[in-house]
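Here's the letter readout for the chains.
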Amino acid sequence: MPFDPANLRYDANGLIPAIAQDYQSGEVLMMAWMNAKSIAITLEKGHVTYWSRSRNALWAKGESSGHVQTLREMRIDCDRDCLLLLVDQVGPACHTNRRSCFYTAIRDGDEVEILKPIED
């Protein structure tokens, strides 16, 4: 059955959450938003493109930093309202220069930074 982005379940703003995961290691890298157009572009070009809510525009991951994500596989959850992107990540995924955006853990009631920024 051919895939049609229109068959996904988007929120009231036409967006769907997308979780980026490293294709090789399984490490969760980041979460961002996509719309039908960014999904179509990602599938066509193989370079992950998101929808930036702050810029109100399409955002090709790594367009300014060079830290691109190449799509290896896109998966849809059972409710069709969330995507999992298996990617090859070049450099850090987070704008804070960390490998993952999930660099803070709650341990024994305290917030603990578990990933340091990558040194250039």
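In case you missed it, the structure is sitting above this.
Residues numbered from 1 in each chain as written. Predicted model: local features only at pLDDT ≥ 70, side-chain atom pairs only at ≥ 80, totals over all residues. Heavy atoms only, no water.

1. A word on the pairing of strand E1 (residues 16–22)
Part 1: By the criterion of burial, E1 is predominantly enclosed, with 6 of the 7 residues buried.
Part 2: Where E1 and strand E2 (residues 28–34) come together, 6 bridges link them in antiparallel fashion. Looking at the pairing, Ile16 lines up with Met34 of E2.
Part 3: Between the antiparallel neighbours E1 and E2 lie 5 residues, among them Gly26 with a positive phi of about 85°.
Part 4: Pairing of E1 with strand E6 (residues 83–89) involves 5 bridges; the strand directions are parallel. (Buried < 20%, exposed > 50% of the residue type's maximum accessible area, 1.4 Å probe, protein only. Helix = DSSP H or I, 4+ residues; strand = E, 2+ residues; numbered from the N terminus. Pairing = 2+ DSSP bridges.)

2. A look at the side chain of Thr49
Part 1: Turning to its location among the elements, Thr49 is positioned in strand E3 (residues 49–52).
Part 2: In this structure Thr49 comes out as buried when scored by relative accessible area, which is 6%.
Part 3: Thr49 has contacts with Met34, Ser38, Ile41, Thr42, Leu58, Trp59 and Ala60, leaving out every residue within four places of it along the chain. (Contact = heavy atoms within 4.5 Å.)

3. With respect to helix H1 (residues 36–45)
Part 1: Taken residue by residue, H1 has Ser38, Ile39, Ile41 and Thr42 as its buried positions. Down the axis, H1 shows its buried residues gathered within 165° of arc, on one side only. Opposite the packed face of H1, turned more than 90 degrees from it, sit the exposed residues Lys37 and Glu44.
Part 2: Those residues of H1 that are buried lie in contact with E1, E2, E3, strand E4 (57–60), strand E5 (69–76) and E6.
Part 3: Residue Asn35 occupies the N-cap position of H1, its side-chain oxygen lying 3.2 Å from the main-chain nitrogen of Lys37.
Part 4: Immediately beyond the C-terminal end of H1, within one or two residues, lies Gly46, with a positive phi of roughly 85°. (Arc of directions from axis to C-beta. Polar contact = N/O pair within 3.5 Å; in protein donor to acceptor, adjacent residues only side chain to side chain.)

In short, shape yes, function no, at least from these values alone.
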